[in-house]
Amino acid sequence: MSTKQNLESLLTTPAPHFSAGEAEQIAAEFFGLSGTATALDSERDLNFHLVTEDGDQYVIKIANSSEDPAIIDMQLKALEHIAHVAPDLPVPKVVLSNEGKLVEEAKAADGRTHPVRVVSYLPGIYPEEEFFSEDFYRQMGNFLARTAKALQGFFHPIANYELLWDLKHASNLRKYLGYVEDPKHYKLAEKFLDRFEKHVLPLIPKLRAQIVHNDLVPNNLLVGKEDHGKIVGIIDFGDLTHTLIIIDLAATIADTISVDSDAVEVAAQITAGYHEINPLEEAELRVLYDLVGTRLVMLNLIAIWRVTLHPDNYDYIMSGVGPTWVILEQWLELDPEQVTRRLLRTCGFWEQKVIEKASRESYQSLLDRREQLLGPLAYLFYDQPLHIVRGEGVWLYDRDNIRYLDVYNNVPQVGHCHPHVVNRIAEQAGLLNTSTRYLHEHILELAERITAKLPEKLSICSFVCTGSEANELAWIMAKLVSGNTGALITHHSYHGSTDAIGQFSPESLPAGKVPPHVRTLDPPTSNSNWPKPDAGIRDAIRAMEVDGHQPAMCLLDTSFVSDGIFTAPKGYLKALFAATRAAGGLCVADEVQGGFGRFGGNFWGFEYDEVIPDIVTMGKPMGNGHPIAAVVTTAEIAEALARDRGYFNTFGGNPVSCAAGLAVLDVIEKEGLQENALRVGAYLKKGFEELREDYPVLGGIHGAGLLLGVDIITAEGKPDGDRADQIMNHLRVNRVLIGVTGPDENVLKIRPPLVFEEAHADILLAALKGALEETQR
Ligand code: PMP
């Protein structure tokens, strides 16, 4: 059966008139409840709060005379159904009359009769915007999904009636467009109605439908009187109808977004909360953007039309509607595809697609094809190489959607695929990408923000694409300014892969192949007992001179990752810098590994000592995976190079790369990631130290923040590279990714994205304990 209720009569018929005294009489006569009644706010009905002598509380609902009794019957039966199938869901309980009926009839003074029902009164208060938080939005999604799930098995013959507030019938709203006076608003409303008809209407028959609440908005929720962040009640089942499941969600989202909220974030959180209880389908998420826009149009059009009918009730009707036009404008400004992508991603659909696509080819075929196409130069990590298809935060997911804790990768400094970085890159890629031969703001802002973090005299930035290029440029500058031809580096360092810089990377050179213009120095081995570098550097410079070279620069990875991971002990860099300068060379801090807050205590590695480099190079984490690197130096050095030959880099500093660089700095600052590195790093270090008490195979623990090295040693205290390799591979099998480093490859390299938290540290420590147990010999 499908009854078409006169859509407008309900909203046009005036609300019933009963005094509180009359309501008390009705409650006593029909429901055997005696108590004190006070009127509650209501749009089209008349509601009273009744408190009995025993302190029990009820709501007496006297309906509009034109309300279809069958609809009231459906609402009450829905409440009974929920009480039966989901007794934990906090909805009002139905109170039967003395005669065991759901509804009674009361006659008003004007002679009209009105249906009356009583439900229990739920304690709590209405949520205010200041209570809203990420958690609150999630809860809203959860409660909506729980309600929909509870109603899944419910039906009522009237459920198919044509409710004005059912978005499925949004085309009917066109007839109210004439009430919109502001031409801008008219256009906005028309635009979304057009979109609805084009993108949603044809799909309606394909989308899931059932009886839903259809109005679970903040005003129909109650939160705790003490705990304002906790939802404790769902009220007002007045818009209950049979419609699309996704319309139910669209209504909640549209009515929750405010002018000042981040609309996409609110939508994503509510959707995530919904999806985790009652999984949505991809096709449903694809119409959500348009449904939210259409619901906002609906709110405005119905309100404007009703104001013309009841000008006396203007304030009540228009409360909260005013800003809805602004919200609608803001919603229109969003890119529907981007919003949809975010919603799909929130529910894991985007990733699923990628995985499906990536998984078509077998693991073995990928390995074979790789060997054929990339040859022996492209070696892979781990005994059993990984096929990773997506990343998020500190997690990497393989083709089977198995996740791995990433404790190795420092390129995704602010976490894999951080949405802010992804969005800024995507936005800029859609706008402009050129070389730096044109004026652009991004490169200037990035240069400003980087130099602001460096000593004042380091004021000129050159942007390049890789750490190798950055060091190559530093080398060009150093040779030019010093007039010298030699370089000083640490024994096992790595600085890059170009022809010149490869010579300064003994880690990847065959043993003994460091050329005569390059001399190596002892790295600091620990903070308490490090070899004083004075004698070492004097000898190195002297040896270089014998071969006809003077130092043009000392180039130091200020985190000494390839030497085993150390912070510079006080006095170490100072001594090297002084000796280099005395011999006419420049001092270059390679911050490719140690920069951008990883050590926690300082933003740059060189800051652990009292030195000011002549040149600072940086790269890797700078773009969270996007290739961007930089050289920062003094005005004099930059001028010298400009006079001599200049420098140009086609891709360096392009607007997209700079957008990535800016986004990374935004996140580091906004999310307090340097502080996080300090706190979690200290926690992790303590965890390693505690573990060492039981496992003496763990030796020195060095570094700081989220750049830590843990030595693996034999019973005699000698470096044990084999055991370190076993541990690393054991961890990989147990879904934790680390690396090894150091001249003997016996140092566990702990270098996760900076969004690593204590809970992740616990996972790593537990997995390491397992690896130490099982790799015992
Ligand atoms: N310097 C250091 C300290 C590095 O660790 C690396 C890369 N591992 C580089 C420079 C070279 O950077 P890229 O690979 O981006 O050329």
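Structure: see above.
Below: a short report on this structure. None of the values given here were measured: they were computed from a predicted structure. (Residues numbered from 1 in each chain as written. Predicted model: local features only at pLDDT ≥ 70, side-chain atom pairs only at ≥ 80, totals over all residues. Heavy atoms only, no water.)

**Comments concerning helix 2 (residues 20-31)**
The terminal C-alpha atoms of helix 2, which comprises 12 residues, lie 16 Å apart, in line with the 16 Å expected from a rise of 1.5 Å per residue. Of the positions making up helix 2, those classed as buried are Ala23, Ile26, Ala27, Phe30 and Phe31. For helix 2, the angular spread of the buried residues around the axis is 100 degrees, confining them to a single face. Of the exposed residues in helix 2, those oriented more than 90 degrees away from the buried face are Gln25 and Glu29. As for helix 2, its buried residues are in contact with strand 1 (35-40), strand 2 (46-52), strand 3 (57-62), strand 4 (94-95), strand 5 (104-107) and strand 6 (113-120). Two residues or fewer past helix 2, Gly32 is found with a positive phi of approximately 65 degrees. (Helix = DSSP H or I, 4+ residues; strand = E, 2+ residues; numbered from the N terminus. Expected span 1.5 Å × (residues − 1). Buried < 20%, exposed > 50% of the residue type's maximum accessible area, 1.4 Å probe, protein only. Arc of directions from axis to C-beta. Contact = heavy atoms within 4.5 Å.)

**Some remarks on the packing of helix 23 (residues 673-694) against helix 25 (residues 758-774)**
How two helices pack is summed up by the angle between their axes together with the distance between the axes. Axis separation between helix 23 and helix 25 bottoms out at 10 Å; the angle between their running directions is 20 degrees. One element, helix 23, and the other, helix 25, form an angle in the roughly parallel class. For the pair helix 23 and helix 25, the crossing hand works out as right-handed. Contacts between helix 23 and helix 25 involve Arg679, Val680, Tyr683, Leu684, Gly687, Phe688 and Leu691 from the first element and Glu758, Ala761, Asp762, Leu764, Leu765, Leu768, Lys769 and Leu772 from the second. (Axes fitted to C-alpha atoms, helices over the stretch in contact; angles between N-to-C directions. Parallel < 35°, antiparallel > 145°, perpendicular 65-115°, else oblique. Left-handed = near helix turned anticlockwise from the far one by under 90°.)

**Thoughts on the pairing of strand 22 (residues 707-712)**
Looking down a regular strand, the side chains alternate between one sheet face and the other. Along strand 22, 6 of the 6 residues are buried, which leaves the element largely enclosed by surrounding structure. In sequence, strand 21 (residues 698-704) turns back onto strand 22 through a hairpin of 2 residues, with Gly705 there showing a positive phi of about 55 degrees. (Pairing = 2+ DSSP bridges.)

**As for the nonpolar core**
Counting residues in hydrophobic clusters, the biggest one holds 94 residues, and the most contacted among them are Leu249, Leu288, Leu291, Val292, Leu301 and Trp331. A per-element tally of this core places helix 9 (residues 288-309) first, with 12 residues. Those residues in contact with Leu288 that lie beyond four places of it in its chain are Ile246, Leu249, Ala250, Ile253, Thr271 and Leu343. (Core = buried A, V, L, I, M, F, W, Y, C linked by side-chain atoms within 4.5 Å.)

**Quick look at a negative patch on the surface**
A grouping of Asp383, Glu507, Asp722, Asp725, Asp744 and Glu745 is seen on the molecular surface, where their side chains present a negatively charged patch. Locating Asp722 in the fold gives a position in helix 24 (residues 721-733). (Patch = residues over 30% accessible without salt bridge, like charges linked within 9 Å, V, L, I, M, F, W, Y side chains within 5 Å. Areas by Shrake-Rupley, 256 points an atom, 1.4 Å probe, with all protein chains shown as cover. Salt bridge = Lys/Arg side-chain N within 4 Å of Asp/Glu carboxyl O. Lys, Arg positive; Asp, Glu negative; His and termini not counted. Charge placed at Lys NZ, Arg CZ, Asp CG, Glu CD.)

**Focus on the pairing of strand 21**
With 6 of 7 residues buried, strand 21 is to be regarded as a mostly interior element. The sheet contact formed by strand 21 and strand 22 spans 5 bridges and is antiparallel. Opposite Leu698, over in strand 22, you have Ile712 as the bridge partner.

**Focus on the pattern of salt bridges**
In the structure shown here, the tally under the stated rule is 30 salt bridges. Note that Lys77 and Asp73 form a salt bridge whose closest N and O atoms lie 2.9 Å from each other. Separated by 4 residues within a single helix, Lys77 and Asp73 lie in helix 3 (residues 69-85), roughly one turn from each other. Judged by relative accessible area, Lys77 falls into the partly exposed class, the value being 35%. Between Arg449 and Glu445 there is a salt bridge, with the nearest N and O atoms lying 3.2 Å from each other. A residue pair is termed a helical-turn pair when its members lie 3 or 4 positions apart in one helix, as Arg449 and Glu445 do in helix 16 (residues 441-451) at 4 residues.

**Some remarks on the site of the ligand**
The environment of the ligand is made up of Thr466, Gly467, Ser468, Asn471, Tyr494, His495, Gly496, Asp557, Asp590, Val592, Gln593 and Lys620. Gly467 is positioned with one of its backbone polar atoms (N or O) 2.9 Å from an oxygen atom of the ligand. Gln593 has a polar side-chain atom sitting 2.8 Å from an oxygen atom of the ligand. Burial of the ligand by the protein chains amounts to 82% of its free accessible area of 390 Å². A total of 3 residues in the shell around the ligand trace back to one element, the largest contributor, which is helix 17 (residues 467-482). By residue class, the composition of the shell around the ligand is 2 nonpolar, 7 polar and 3 charged. (Near = heavy atom within 4 Å. Polar contact = N/O pair within 3.5 Å; in protein donor to acceptor, adjacent residues only side chain to side chain. Nonpolar A, V, L, I, M, F, W, Y, C, P; charged D, E, K, R; others polar.)

**A short note on the environment of Tyr647**
Here Tyr647 shows up in the loop between helix 21 (635-644) and helix 22 (655-670). Separated by 245 residues in the primary sequence, Tyr647 and Ile402 have C-alpha atoms spaced 46 Å apart. Apart from residues lying up to four places away in sequence, Tyr647 is in contact with Val464, Leu473 and Leu641. Only 3.1 Å separates the side chain of Tyr647 from the side chain of Asn649, close enough to count as a polar contact.

**Comments concerning the sheet that holds strand 24 (residues 739-741)**
If you trace the 4 strands from one edge of the open sheet to the other, you get 21-22-25-24, paired in antiparallel fashion. Looking along the sheet, the strands with just one partner apiece sit at the ends: strand 21 and strand 24. Adjacent strand axes in the sheet meet at a mean angle of 30 degrees, parallel and antiparallel pairs treated alike.

**Here's the deal with the side chain of Ser482**
Tracing the backbone shows Ser482 in helix 17. A polar atom in the side chain of Ser482 sits 2.6 Å from the backbone oxygen of Ala478. Here the side chain of Ser482 touches Asn484 through a polar contact of 2.9 Å, landing on its backbone nitrogen. Those residues in contact with Ser482, other than ones at most four positions away along the chain, are Ala552, Gly584 and Gly585.

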